[in-house]
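# Structural overview
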Amino acid sequence: MKNVLMPTPHRILNVAHETRAEYTFRVECDDTVEHGQFYVLSIPKIGEAPISVSSKGEGYLEFTIRKVGRLTEGIFGLGAGDTIFIRGPYGNCFPVQDFMGRDLVVIAGGTGLAAVRSMLQHFYANPHEVNSLTLIAGFRNSDSVLFREDLETFREKFRAIYCLDEMEAVGFKKGFVTEYIKDVPFATFSDYNVVIVGPPEMINFSAKECLNSGVDEARIWVSLERKMSCAVGKCGHCKIGGVYVCQEGPVFNYVQAKNLID
Amino acid sequence: MEDMMSSLKDTYRLYAPKRFPDGSIRYGEIDSLSEIVVDEKSHFSPKEVYLPIVQTIFYFKDNQCEESEIEDGRDILIFARACDISAIERLDTIYLKNGGAQDFYYKRLRDKVKFVLIECPESFDSCFCVSMGASITDNFIGILRDGKIDTKSEPVFVSENKKSVTIPDIDESIVKDVIQLEYWRSFDENCAGCGGCTAVCPTCSCFDTIDVIYSETSLDGERRRVWGSCMQEDFSAMAGGHNVRKRVGDRMRFKVMHKIYDFHQRFGETHMCVGCGRCDERCPKDIVFSDIINTLAGKVEQLKAEGGAGR
């Protein structure tokens, strides 16, 4: 019988420093992965944690990791040529088929951008697949901006609104993402979807702001992060009521998500 | 008699509730059926036999992961009461059904397990197995009677407990109100959040994983699965500071709802709780689980009456 908890070793191809606290690891991997799915990354002797796929390409996957705990600190010690242990992919994905031919609004806070980056890259490469794409991305300050190159190129094809909580900077307005949701021309869209990713409070406030702008809650999709020790429905950590984030999520329609009370 | 034991032990590792030197009654390996404590309820459940408190799941060796092995190839024979035998079906639901994939480490021990029924001539004070539908089982190969294993007689089960519970009639239309009941706040003060209840519970299944290195200079180590408890504050804490259910009352609500509502809602079989009552006996704050269930049932009826047609 297959042991689904057994991680396999993969070679790190490249490490990109996004910020001082966030690195992107390109890992050799041939898996087929959908936008929004995650892996459990581990370093022997330190532990494991669920991390979303921030990009995918021919023969590789990328994971953008924030240095916040013992595991992620351990991962930061790794470089190109080193081995990392992974298992996955896990979870559901963004309903990309539903997004096709419609207007798409993506609202991302901080590291949350990692969870939607592969989807954004896909629509950047295939802009005809959506009617329009609006990206509102917010960071704490200019030192915490992720994927700078991507953000710049996205401006070419997306309606891009970038902001910083604490300051103004070239290409970035000052303020929270929630302040710019009212600037999205929802009224001009014939049919649209909204994707919200980021810290829990940011998701809640952004969803409320969307509802204030008249967005139908069934058109809102969120991706949730929870602690996981297995990602296969056994350990109990990600359970919210009768729902397991690792099984039914991490992507939820807001109609369901608004009723998930931890 | 000794012949029987030695032939049994050729086939099985034998586990039964026995008295340990510290006075506690727990499941341990036995050499003689006379070691089995039958006139008292064991303080801990048999789950630790097939869901060990700590278990090595794999070893790190030379930058590879090497699966742990079970050293003893024999099957496992557990002497257990009907509630505890019923409990294994709840654990099967989590470990073998939920999420589609079977858990390798659970299954390899679970497949070895057979039971001998310890009958309950009458139930203990804190039992409410009848209300939970866990007082009867057919999952055993014999019955412990008069110090022997009887494979021919019909089992006797309790048909009544001193305690009974009314399962709250919760559905999706009301669950949010139940979660937000002021009642849960009483546990912010009254519950210590120690997790003792989840340790003795035969159906609590949550775990953490920890990695262990043998020495600072060694590259070798192992990953272990250890019991986790949703009653403890760090259960769902994530690196970076995000946590949920910081108040102990919310953790109590989370546990209670799992035991008597959302496990059943998700899997549509039984409720998770088997009514063994061990959590009450373990609780340093004298919280009584059956009282919570009954209180909640009353509160739910009240909510429904207040909500009326507007719901």
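The model shown is predicted, which means the values in this text are computed figures rather than measured ones.

Cut-off values and rules
- Residues numbered from 1 in each chain as written.
- Chains lettered and ligands numbered in written order.
- Predicted model: local features only at pLDDT ≥ 70, side-chain atom pairs only at ≥ 80, totals over all residues.
- Helix = DSSP H or I, 4+ residues; strand = E, 2+ residues; numbered from the N terminus.
- Rg over C-alpha atoms; globule rule 2.2 N^0.38 Å.
- Contact = placed C-beta atoms within 7 Å.
- Buried ≥ 20, exposed ≤ 12 C-beta atoms within 10 Å, placed from the backbone.
- pLDDT = per-residue confidence, 0-100.
- Core = buried A, V, L, I, M, F, W, Y, C linked by C-beta atoms within 7 Å.
- Domains from an automatic or database assignment.
- Nonpolar A, V, L, I, M, F, W, Y, C, P; charged D, E, K, R; others polar.
- Expected span 1.5 Å × (residues − 1).
- Pairing = 2+ DSSP bridges.
- Arc of directions from axis to C-beta.
- Axes fitted to C-alpha atoms, helices over the stretch in contact; angles between N-to-C directions.
- Parallel < 35°, antiparallel > 145°, perpendicular 65-115°, else oblique.
- Left-handed = near helix turned anticlockwise from the far one by under 90°.

This paragraph deals with the overall build of chain B. When you go through chain B residue by residue, the secondary structure sums to ten helices and ten strands. Taken over the C-alpha trace, chain B has a radius of gyration of 21 Å; the compact-globule value for 311 residues is 19 Å, and the two agree within 12%. Overall, the C-alpha framework of chain B stretches about 70 × 60 × 40 Å when taken along its three principal axes. Contacts spanning at least 24 positions in sequence make up 70% of the contacts within chain B whose residues lie at least 6 apart.

Another aspect to go through is the overall build of chain A. The secondary structure content of chain A amounts to seven helices and 15 strands. Scaling as 2.2 N^0.38, a compact globule of 262 residues should have a C-alpha radius of gyration of about 18 Å, and chain A matches this with 18 Å. Along the longest, intermediate and shortest principal axes, the C-alpha atoms of chain A span 50 × 45 × 35 Å. A total of 262 residues make up chain A; the buried ones form 52% of that total. Long-range contacts, defined as pairs at least 24 residues apart, comprise 70% of the intrachain contacts of chain A with a sequence gap of at least 6.

The share of residues in chain B with pLDDT of 70 or more is 97%, and the mean pLDDT across the chain is 94. Reported for the predicted complex are a pTM of 0.95 and an ipTM of 0.94.

Right, let's talk about unusual backbone geometry for a bit. Residue and element names in this part refer to chain A. A cis geometry characterises the amide bond from Gly88 onward to Pro89, with omega recorded as 0°. For Pro89, the location among the structural elements is in strand 6 (residues 83–90). Across the junction of Gly249 and Pro250, the peptide omega takes the value 10°, indicating a cis bond. Structurally, the position occupied by Pro250 is in the loop between helix 6 (245–248) and strand 15 (251–253). With a phi close to 50°, Phe147 is a non-glycine residue in the positive phi region.

Moving on, we come to the nonpolar core. Note on soluble globular proteins: their nonpolar side chains tend to be buried together. Of all hydrophobic cores here, the largest spans 149 residues; its most connected members are Val106(A), Val194(A), Val222(A) and Cys129(B). Among the elements that take part in this core, helix 3 (residues 82–97) of chain B stands out by supplying eight residues, more than any other. Both domains that furnish three or more residues to this core are identified here as domain 1 (8–90) and domain 2 (96–223) of chain A. When residues no more than four places from it in sequence are discounted, the contact partners of Val194(A) are Val105(A), Ile107(A), Cys210(A), Val215(A), Arg219(A), Ile220(A) and Trp221(A). Trp184(B), Cys191(B), Val248(B) and Met252(B) belong to the second largest nonpolar core, which has five residues in total.

Attention shifts here to the interface of chain B and chain A. Taken residue by residue, the interface counts 41 residues in chain B and 37 residues in chain A. Elements with a contribution of two residues or more to the side of chain B that touches chain A: strand 3 (54–61), strand 4 (64–67), helix 3, helix 4 (104–110), helix 5 (175–179), strand 9 (207–213) and helix 8 (248–267) of chain B. Here the side of chain B that touches chain A takes five residues from strand 9 of chain B, the largest share from any one element. Here the residues of the side of chain B that touches chain A are counted per class, giving 19 nonpolar, 13 polar and nine charged.

A few words now on the environment of Asp84(B). Residue and element names in this part refer to chain B. Within the secondary structure, Asp84 sits in helix 3. Each C-alpha atom of the pair Asp84 and Phe58 lies 29 Å from the other, and the pair is 26 residues apart in sequence. When residues no more than four places from it in sequence are discounted, the contact partners of Asp84 are Ser45, Pro46, Pro202 and Cys276.

Let's shift gears to helix 3 (residues 113–125) of chain A. Residues and elements named next belong to chain A. Relative to the 18 Å expected for 13 residues at 1.5 Å per residue, helix 3 spans 18 Å between its end C-alpha atoms, a close match to the ideal helical length. Judged by how many residues are buried, helix 3 sits mostly within the fold: ten of 13 residues are covered. Along helix 3, the residues classified as buried are Leu113, Ala114, Ala115, Val116, Arg117, Ser118, Met119, Leu120, Gln121 and Phe123.

A separate point is the domain arrangement of chain A. Residues and elements named next belong to chain A. Under the domain assignment, chain A is made up of domain 1 (8–90) and domain 2 (96–223). Taking only C-alpha atoms into account, the centre of domain 1 sits 24 Å from that of domain 2. Of all the secondary-structure elements, those providing two or more residues to the side of domain 1 that touches domain 2 are strand 4 (47–57) and strand 5 (60–66). Here the side of domain 1 that touches domain 2 takes five residues from strand 4, the largest share from any one element. When grouped by side-chain class, the residues that make up the side of domain 1 that touches domain 2 number one nonpolar, seven polar and five charged.

Let us look at the pairing of strand 5 (residues 75–80) of chain B. All names here are of chain B. Here strand 5 lies mainly inside the structure; five of its six residues are buried. Where strand 1 (residues 12–19) and strand 5 come together, four bridges link them in parallel fashion. Residue pairing in the sheet places Leu14 in a bridge with Leu77 of strand 5. Of the strand pairs in this sheet, strand 5 and strand 6 (residues 113–118) are connected by five bridges, and their pairing is parallel.

All names here are of chain A. Taking 1.5 Å per residue, 13 residues should reach 18 Å; helix 5 (residues 200–212) reaches 19 Å between its end C-alpha atoms and fits that length. Residues of helix 5 that are buried: Met202, Ile203, Ser206, Ala207, Glu209 and Cys210. Buried residues in helix 5, looked at end-on, bunch into an arc of 160°, giving them a common side. In helix 5, the exposed residues that point more than 90 degrees away from the buried face are Glu201 and Asn212.

With that out of the way, let us pick up the packing of helix 3 of chain A against helix 4 (residues 148–157) of chain A. All names here are of chain A. For the pair helix 3 and helix 4, interaxial distance at closest approach is 10 Å and the crossing angle is 40°. As judged from the angle between their axes, helix 3 and helix 4 are oblique. Judged by the twist between their axes, the crossing of helix 3 over helix 4 is left-handed. When helix 3 is examined against helix 4, the residues Arg117, Leu120, Gln121 and Tyr124 are found in contact with a partner set consisting of Asp150, Thr153, Phe154 and Lys157. Along the lines of polarity and charge, the residues of the contact of helix 3 with helix 4 split into three nonpolar, two polar and three charged.

Our next topic: the sheet that holds strand 7 (residues 103–109) of chain A. All names here are of chain A. If you walk across this open sheet you meet the seven strands as 10-9-8-7-11-12-15, and the pairing is mixed. Strands with a single pairing partner mark the edges of an open sheet, and in this sheet they are strand 10 (173–174) and strand 15. The pairing of strand 8 (residues 132–139) with strand 9 (residues 159–164) spans six bridges and is classified as parallel. Opposite Ala137, over in strand 9, you have Tyr162 as the bridge partner.

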